[in-house]
Amino acid sequence: MNQTLRYGIIGTGQRGRAHLARLLELQPAVRIAALCDPVPEALDAAADLCREHQPARYDRYERLVADANVDAVVVASPNHLHRDHAVGAFAQGKHVLCEKPLATSVADAQAILDASVQAGRILCPGHELRFARPYLELKAALPRIGRICQVTHHEYRRDWSPLSWVYRDPGTGRSLNWRMSQKASGGTILEKSLHFVDLFHLLLGANPARVALAGGIGFYRDGRETWDQLTISLVYADGVTATHSLCMFHQPAESTLRIFGEKGVFVVEGHSKVSHYDYGRPATVIYDAGVGENSLAYQHLGDTEMHEAFAAAVQGRKPLPILPRIGVEAVATCLRS
Ligand SMILES: NC(=O)c1ccc[n+]([C@@H]2O[C@H](COP(=O)([O-])OP(=O)(O)OC[C@H]3O[C@@H](n4cnc5c(N)ncnc54)[C@H](O)[C@@H]3O)[C@@H](O)[C@H]2O)c1
């Protein structure tokens, strides 16, 4: 980066602070100009991380997006707020990196995309796995297995973070961890599985022709509204299928992606190690990021590269390597079944 970009972050919870940490690694090209969160403790925790930047502190997003010292906004608030926050930022001429899912409905996601086009500003959907080295290495190596015939992915993991913001439903008056609220999160399919639906899009280069989704709450008995398990099946125009299964009550965490081709298979374990099998021959590891589930690198795979690409696009140095509409398409695919 060759000029200083001034950032505002809306939502300074766990993910907002992770963005902040990645941005601070890109200093001196970055300045944290403003932070916004209605919860004072969340704002304090973020402000502590970037004290020397002396960011302005706001409890309402309208004030952050109107701040003339902010060039680019990172939206890291709960999902149901993304539309207001991103559209509000575009209306003030800011560029936006918006966390996934872009929104909790296709109409809201499309409204964000439309607002970016109307404002002539960059929209980067926060799909960091598209920037993660293991998946880019895998994508480049795909021709080695010939025509792709089938894709499978499973993720077994622990429950949602208990530290997340508590959403109060204005209709029912009920308070819930926002990820357990259907209204605030848009459901587990959007909050979690969208990452893999979008990864299938990256690897297969197409959106599916048909989608089927099954899920439920089989394990937890705590009044949550969002599923703790699901399977989504996608069928592509050429008959290729992709499936993703999620289980949210398993330790240790496990994530395995398999791409079966005419001439061999790729396996990606833990978002890190990419192996290639010729049918009937031993595996060779083609890339290993060497990160374990508990390492910081694992949790933020692709984030640094995503921020570098976003900044380059904002500064007109390089076009964004992903199309903003993939954010809308991922929401649409997840909600299509
Ligand atoms: N890409 C990824 O891998 C990834 C990982 C985790 C979370 N996320 C996304 O990041 C977003 C935030 O998730 P999180 O884990 O940080 O949740 P969180 O609950 O830890 O933080 C959310 C923050 O938003 C704040 N907030 C609530 N209402 C607000 C408002 N009106 N204006 C501004 N801030 C408000 C809360 O006070 C809280 O501090 C979600 O969209 C989530 O899907 C993405």
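Look up a bit, the structure's there.
Anyway, here's the lowdown on the structure attached to this text. Quantities reported herein were computed from a predicted structural model and do not represent experimental measurements.

**Describing the pairing of strand β4 (residues 72-75)**
Piece 1. Burial along β4 is two-sided: the face carrying Ala72 and Val74 and the face carrying Val73 and Val75 are both buried.
Piece 2. Sheet topology note: the strand β1 (residues 5-10)/β4 ladder contains four bridges and is parallel. Its bridge partner lying in β4, glycine 8 is registered against valine 73.
Piece 3. Bridge analysis of β4 against strand β5 (residues 95-99) gives four bridges, and the strand direction is parallel. Residue valine 75 lies in a different strand from β5, and its bridge partner there is cysteine 98.
Piece 4. With helix α4 (residues 82-91) bridging β4 and the parallel β5, this β-α-β connection has right-handed handedness.

**Some points on helix α8 (residues 188-204)**
Piece 1. In this model α8 runs 23 Å from its N-terminal to its C-terminal C-alpha over 17 residues, within 8% of the 24 Å that 1.5 Å per residue would give.
Piece 2. The sharpest bend along α8 measures roughly 55 degrees and falls at leucine 194.
Piece 3. The buried count for α8 comes to 16 of 17 residues, which makes it a mostly enclosed element.
Piece 4. Positive backbone phi, approximately 70 degrees, marks glycine 205, located one or two places after α8.

**Some thoughts on the sheet that holds β5**
Piece 1. If you walk across this open sheet you meet the six strands as β3-β2-β1-β4-β5-β6, and the pairing is parallel. Every other strand in the sheet has two partners, leaving β3 (56-58) and β6 (123-126) as the edge strands with one partner each. Direction aside, neighbouring strands of the sheet carry axes that sit 20 degrees apart on average.
Piece 2. Set on the sheet, helix α10 (residues 303-314) makes contact with β1, β4, β5 and β6; between it and β5 the angle comes to about 155 degrees.

**Quick word on unusual backbone geometry**
Piece 1. A cis amide bond links lysine 100 to the next residue, proline 101, at an omega of -15 degrees.
Piece 2. Residue placement: proline 101 occurs in the loop between β5 and α5 (106-119).
Piece 3. For the bond from glutamine 251 to proline 252, the omega torsion is -5 degrees, close enough to zero to count as cis.
Piece 4. With respect to the helices and strands, proline 252 occurs in the loop between β12 (241-247) and β13 (254-261).
Piece 5. Even without glycine at this site, glutamine 54 takes up a positive phi of about 45 degrees.
Piece 6. Residue class for glutamine 54 comes out exposed when judged on its relative accessible area of 66%.
Piece 7. In this model, histidine 271 sits at a positive phi of 55 degrees, which is unusual for a non-glycine residue.
Piece 8. Relative to the elements of secondary structure, histidine 271 occurs in the loop between β14 (264-269) and β15 (273-278).

Conventions adopted
Residues numbered from 1 in each chain as written. Predicted model: local features only at pLDDT ≥ 70, side-chain atom pairs only at ≥ 80, totals over all residues. Heavy atoms only, no water. Buried < 20%, exposed > 50% of the residue type's maximum accessible area, 1.4 Å probe, protein only. Helix = DSSP H or I, 4+ residues; strand = E, 2+ residues; numbered from the N terminus. Pairing = 2+ DSSP bridges. Right-handed = clockwise from strand over helix to strand, strands pointing away. Expected span 1.5 Å × (residues − 1). Bend = angle between axes of the 7 residues up to and from the residue. Axes fitted to C-alpha atoms, helices over the stretch in contact; angles between N-to-C directions. Contact = heavy atoms within 4.5 Å.

Geometric values such as these leave the question of function open.
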